[in-house]
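This is what each chain is made of:
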Amino acid sequence: MPEFSKGLEGVVAAETEMSFIDGQHGVLEYVGIAIGDLARSSTFEETVYLLWNKKLPTQAELDAFTKGLRDNYDPPAGVLELVKNMPKDAQPMHVLRTLVSSLALFDPNPNANDVPAAREKALKILAATPAIVAAFDRHRRGEKFVPADKSLGFSENFMYMLNGEKPTAAMARAFDICMITHADHGLNNSTFTARVVISTLSDLYSAMTAAIGSLRGPLHGGANEGVMVMLNELESVDEAEAYVTNKLKNKDKIMGFGHRVYKSKDPRASELQTLARQLAEDTGNMDLYEKSHAIEEVMEREVASKGIYPNVDFYSATTYHCIGLKLDLFTPMFALSRLAGWSGHVIEQLEDNRLYRPTTNYVGPHKVAYTPIEKR
Ligand code: SDX
């Protein structure tokens, strides 16, 4: 029987030119460029262009790409009408999955998946999704929807639509760094989901919707919300030691730690840690940062030997909180960014497709007689 790898651990299921991950040495590169260099020097728009075109843009190429995004900031009016019918107590990730799926209903050619069509749809979905998240959050607060400001960049415009006022340059930059660091990451569960769906020659909307469903899970993108719940449960830094050791003793997973690939500190965690500390200082949230750091120190002592280190979600929680985002918007932020990676992988899949269809080792019985119900 073929070797069974639970959770497909270590199985190569695709080739990609976008992210390179060295889990042993904590390396992440997008098309060969280190994530730290991109976080410090790039923008989310430029990073998306890099992932989708496998090269950094010239100024003219970036201007054209940015215009394409800004021209599509506003979702179809019909989708905004649907926002108004969303239950105000609905969870934002369920709303996001529902409304991204609804974008297909307003596309005259929703099933087109030749590569040029896929690129166009990917751009429109990426551009319009911030408005969907912002519109729902304002709807549930009883606030009017704020139309996009096409003079603003992706991150600045999202925060403008969410809060009804432009963010400070520092906050907009912090959000952009979050978008850059979450954009792509090899064949993570939600990206694999997107590739599996498009491999049947289904459509972008189905692939993105499925990926959002995967990302919501607490073992994946939902972990950033779990980290914030944990930080709120801790009354003080002094409790960190007992809290962590007790959870480990009960074999509970500490959210924001561990990774299928990284067996050293996730380089994104390091970038976001620097950002979280700065933002925590600037916004009077140093208690959150200090609790996080205390948890990290205990985990370092207790489980680093097992290759369990902070992952991208651990410090993104403090970062999103300091930016002013509600806890249940943390995972939607991950989705806003990862739409770039999902789309890039869907385009790669379409460029060289083969239907995903793994196999199983059958471990059940054989040649069993059918027993009529009256004799069971
Ligand atoms: C993301 O794949 C990606 O690239 C994902 C991502 C991306 O950018 O797309 O990087 C984003 O999803 C990051 C991960 C976010 N999830 C969490 O923070 C949830 C907590 N982490 C764990 O659930 C876990 O580490 C996973 C799911 C991330 C990885 O799980 P694996 O590879 O299946 O490892 P495992 O569950 O089999 O654990 C191996 C051992 C176990 O101990 P033993 O039973 O062998 O004694 O490590 C332990 C686990 O108990 N362990 C942890 C732990 N993670 C693993 N123990 C305590 N706390 C943890 N967080």
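Please read these numbers as outputs of a predicted model, since none were measured by experiment.

Quick word on the domain arrangement of the protein
A common way to report how large an interface is uses the accessible area buried once the components associate.
Right, so step 1: Its domain assignment divides the protein into domain 1 (6-221 + 327-351) and domain 2 (223-322).
Right, so step 2: Measuring from the centre of the C-alpha atoms in domain 1 to the corresponding centre in domain 2 gives 25 Å.
Right, so step 3: The interface of domain 1 with domain 2 comprises 36 residues on the first partner and 29 residues on the second.
Right, so step 4: Approximately 2,400 Å² of surface area, both sides summed, lies buried where domain 1 meets domain 2, with 64% of it carried by carbon and sulfur atoms.
Right, so step 5: On the domain 1 side of the contact with domain 2, H185, L327 and F330 bury the most area, a combined 23% of that side's loss.
Right, so step 6: If you look at where domain 1 meets domain 2, you find one salt bridge.
Right, so step 7: Residues E271 and R40 are paired through a salt bridge, measuring 2.9 Å at the closest nitrogen-oxygen approach.
Right, so step 8: In this structure, the connection of domain 1 to domain 2 is made through 13 residue pairs in polar contact (both at pLDDT 80 or more).
Right, so step 9: At the level of elements, β1 (19-22), β2 (27-30), α1 (35-41), α8 (169-182) and α16 (330-351) are the ones that each hand at least two residues to the side of domain 1 that touches domain 2.

Looking at helix α10 (residues 204-215)
Right, so step 1: The end-to-end C-alpha distance of α10, which contains twelve residues, comes to 16 Å, matching closely the 16 Å that a straight helix rising 1.5 Å per residue would cover.
Right, so step 2: Burial runs high along α10: nine of the twelve residues are buried.
Right, so step 3: Buried within α10 we find L204, Y205, A207, M208, T209, A211, I212, S214 and L215.
Right, so step 4: Where the residues of α10 are buried, they touch α5 (92-102), α6 (115-140), α9 (189-198) and α16.
Right, so step 5: You can read the cap of α10 off the contacts: a side-chain oxygen lies 2.9 Å from the backbone nitrogen of Y205, and it is on D203.

Thoughts on the side chain of E348
Right, so step 1: Looking at the element boundaries, E348 is found in helix α16.
Right, so step 2: Judged by its relative accessible area of 8%, E348 falls in the buried class.
Right, so step 3: Reaching out from E348, the side chain makes a polar contact with the side chain of T16 at a distance of 2.7 Å.
Right, so step 4: Those residues in contact with E348 that sit more than four places away from it in its chain are E15, T16, E17, M18, K54 and R195.

Notes on the site of the ligand
Right, so step 1: Lining the immediate environment of the ligand, one finds 24 residues, of which H185, H259, R260, R268 and R338 sit closest.
Right, so step 2: Taking H220, its side chain carries an N or O atom lying 2.9 Å from an oxygen atom of the ligand.
Right, so step 3: Between the ligand and the protein, one listed contact pairs an oxygen atom with a side-chain N or O atom of R260 at 2.7 Å.
Right, so step 4: Starting from 1,100 Å² of accessible surface for the ligand in isolation, the protein chains cover 74%.

What counts as what
Residues numbered from 1 in each chain as written. Predicted model: local features only at pLDDT ≥ 70, side-chain atom pairs only at ≥ 80, totals over all residues. Heavy atoms only, no water. Domains from an automatic or database assignment. Contact = heavy atoms within 4.5 Å. Buried area = accessible area lost by both parts, 1.4 Å probe. Salt bridge = Lys/Arg side-chain N within 4 Å of Asp/Glu carboxyl O. Polar contact = N/O pair within 3.5 Å; in protein donor to acceptor, adjacent residues only side chain to side chain. Helix = DSSP H or I, 4+ residues; strand = E, 2+ residues; numbered from the N terminus. Expected span 1.5 Å × (residues − 1). Buried < 20%, exposed > 50% of the residue type's maximum accessible area, 1.4 Å probe, protein only. Near = heavy atom within 4 Å. Areas by Shrake-Rupley, 256 points an atom, 1.4 Å probe, with all protein chains shown as cover.

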